[in-house]
Every structure is written in structure tokens, then in C-alpha cells.
Amino acid sequence: MARILVGIPTRNRPDMVRDAVLSVQRQTMGDFVLVVSENPTRPEVSADISAWIDSLGDPRIRYVLQPVDGGEYGQARALFGQCEAPFFCMLHDDDMMDADYLEAALEVLDAHDDIAMFAGSQYLVDRAGGRQDKLTEDYTRYQGRDLYPEGRMESFLEPLLKYGLFSISGAVFRSSAVAECGVGDPDMGGIYPFEFNMFLRLAERGLPAWYSPRKRIAYRWHDTSMRHADGSILTRYMVEALVELLERRRFEGEAETLRRRLLAFNRRNLGYILLVAGERDAAMRCLRRAIALHPTGVSLWWWWLRARLQPGRIADTWRSRVNLTPPQPSWRLAIPQADRVSAGVPSHAG
């Protein structure tokens, strides 16, 4: 049995996924299984990638075409369902690992058998793979990755809620921790907020992690990445999903303050999205809820006042920044039938 299963979820990126695969194949720790898992795509793309993987002649690497497009939640559940190894990792199809990455991660996880996850920092590259130092510096600061030293994090709930900090691409999980916590809330699907959901389920159960500020994952910054396209904070179904994820939780102390603040500003975003959608009453309720969650947030009062006095003008101004496209119906089909009723979220209310 291999020590780790690495899954690369992909769809319609035959050029970039090759780089991702080769970066795993070059690992100094070679005891892995690599599954390239493609959501339904054009037949010629599937045939091309499948044939290329066969041409590598590497029995550790295999290609799987998923029967339904389940988004990132569906991909992760399918990949983890194939995992018999003690460790599990996902790498985005447009990212790459430095050659010593898996060796470094497993060295830590072997030495600390209670650590649930190893996560490192990233450096940004352009579509051609050229390093982008200024973007890397800005992104590192934005994610709070320059604030934490190498080492064990007994609790990472507060850093997660405040900065995000981690990326699912390259994070190495202990498989037993994923089995305990689940692949996200079991009634959620699609593409967002999968990453945050995975880390949140570990953090809210008090499982420790190891953070490394050393940049060993190449994060490709390009015009077709989720952050540039579907990842907009003004995409309705994404904001609604994150609001739902945060509404169903309660924490204590500073973590609860951060949850309420994060939820409040996403409620504000949703309120303006609803104005664009022509749902004024729902929008105002959403904005009032944002203020109730974080009453000291002065800007929230300003956003509410503007929406009350000039709803039509705001809708016109924001229309080009809002995506009202509904989620893919197939994403819902990929949610396990038996898990659609309960999210299995532990209570942390004090």
C-alpha cells in the first residue's frame, strides 16, 4: 500500500494538468498513488489526457473520468473514496509541487502522529510557470501566511476565520482525520466553499495542524483560475453557500467574534447581490442581519443606509459586478443521498 494518495481534480485543462502530474512524479518521496480525476469533459480532451498518462508508463499514476460533474466537493469525495493510504492530498490541476514537498510533509506527520494536517505556503507563477514575486508577496500578506512560524498549531480556528491561511492545493491530511471529520459538511456540494469547509471541520474539532511558511507549492495565477472567474465574492450561489456554512455554527470567545464578523460582511455582500436580483425586501433583511451580527462595523451601517435610500442606483452600479448564474444541477446530484438531511456540525455554543 502506498503511503499517500494524491488526487488531481481536473476539467478541460490538458496543458496545465500535465505540469501538475509531472511535479508529483518528480517527488523525492516516491511511495505514492496519483489519481487524475476528470469531471465530464469533451471526449477528445479525456482521450488526450488518458493516452498521455498511459504513455508515462508509471503504474503509480492513473486516470479516472467521473460519471457526473460534482464540483470540487464531488471530486474530493470520489478521490477520498479511493484512498487506502494513511495520508491524502489534493493538488489543483493548475498548480505544482516542489520536488521535496511530500517528503517534507510526511516527515512532519510521521514524527507527530496526532497532527491532522500539514499545510505550507505558496509562490505564485504565471500561466507559463514564471515566478511572480510581487504577486507572491501580496498574496502571502493577504492570506496571513507571513504571520505564523514553522511549527505546530494547537488551534487554527481563529487564523482560519481571520485570514484563510491555508490552501487545499497541496495540503496533506491524515486519512483518519478526514474519515473522522468528513469531506466537508455532507449536505453541501459544488465548488465553494469547499476549501474553507474542509479546514473548518478539522479546526472546530480541535485537531492540531502543522504550518510551514516555506513556499513549496506553485500557485498558478491566470485568467481562467477560479479566483479570476467563478471565485468572485459577488457570485450569488457562492456567497449563499458561505453564509449557510457560517450560520449553522457557533463558537466561543474570539473565534465567535471572528465568525460573526466574517458572516456579517458576507451578509452585506449577499444583500447587494439581492438588490441586483430585484429582491429588495430580502436584501434589506440581509443587511439588517449583518448589522445585528457586527453592530460596531460602521461600514455596515453605511451600506444599509445607501441600500435604503438609493436601491435602484446601487443595483445599477453593482450589476456588472454580480454573477446571478445558478449552480450546476449536477453538483447537487453528487451529494450523497443519505447525507442531505444533517450537516453533522458539532455545537460550540457557550
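Residues numbered from 1 in each chain as written. Predicted model: local features only at pLDDT ≥ 70, side-chain atom pairs only at ≥ 80, totals over all residues. Heavy atoms only, no water.

(A) The layout of surface pockets, seen in detail. In this structure, the second largest pocket encloses a volume near 280 Å³. As for the second largest pocket, its lining consists of 16 residues, and the residues nearest its centre are Met-188, Gly-189, Gly-190, Ala-241 and Arg-332. Among the elements of the structure, helix H9 (236-247) and helix H14 (329-333) are those that each provide at least two residues to the lining of the second largest pocket. Sorting elements by how many residues they give to the lining of the second largest pocket places H9 first, with four residues. The residue makeup of the lining of the second largest pocket, split by class, is eight nonpolar, three polar and five charged. (1 Å grid on protein atoms, 1.4 Å probe; cavity = no way out; pocket = protein on both sides within 12 Å on 5 of 7 lines; lining within 4 Å. Points joined across faces, edges and corners; volume = space filled by probe spheres on them. Helix = DSSP H or I, 4+ residues; strand = E, 2+ residues; numbered from the N terminus. Nonpolar A, V, L, I, M, F, W, Y, C, P; charged D, E, K, R; others polar.)

(B) Fine view of the packing of aromatic side chains. Tallied over the full model, the rule gives 17 aromatic pairs. Relative to Trp-331, the ring of Tyr-237 has its centre 5.5 Å away and its plane inclined at 65 degrees; by these criteria the two rings are edge-to-face. Of this pair, Tyr-237 sits in helix H9 while Trp-331 is found in helix H14, placing the two residues 94 residues apart along the sequence. Taken as a pair, Tyr-237 and Trp-331 share a single burial class, namely buried. Positioned above the aromatic ring of Tyr-123 is the side chain of Arg-131, whose terminal nitrogen or guanidinium carbon lies 3.7 Å from the ring centre. (Phe/Tyr/Trp six-rings, centres within 6.5 Å; stacked < 30°, edge-to-face > 60°. Buried < 20%, exposed > 50% of the residue type's maximum accessible area, 1.4 Å probe, protein only. Lys NZ or Arg CZ within 6 Å of the ring centre and 35° of its normal.)

(C) Main features of the side chain of Gln-66. The topology assignment puts Gln-66 in the loop between strand S3 (61-65) and helix H3 (71-81). Relative accessible area serves as the criterion here: at 13%, Gln-66 is assigned to the buried category. When near neighbours in sequence (up to four residues on either side) are disregarded, Gln-66 contacts Ser-37, Glu-38, Asn-39, Pro-40, Gln-75 and Ala-78. (Contact = heavy atoms within 4.5 Å.)

(D) Just the environment of Thr-325, in detail. Here Thr-325 shows up in the loop between helix H13 (311-318) and H14. For the pair Thr-325 and Tyr-123, spaced 202 residues apart in the sequence, the C-alpha separation amounts to 32 Å. In terms of polar contacts, Thr-325 uses its side chain to reach the side chain of Asn-323, at 2.7 Å. (Polar contact = N/O pair within 3.5 Å; in protein donor to acceptor, adjacent residues only side chain to side chain.)

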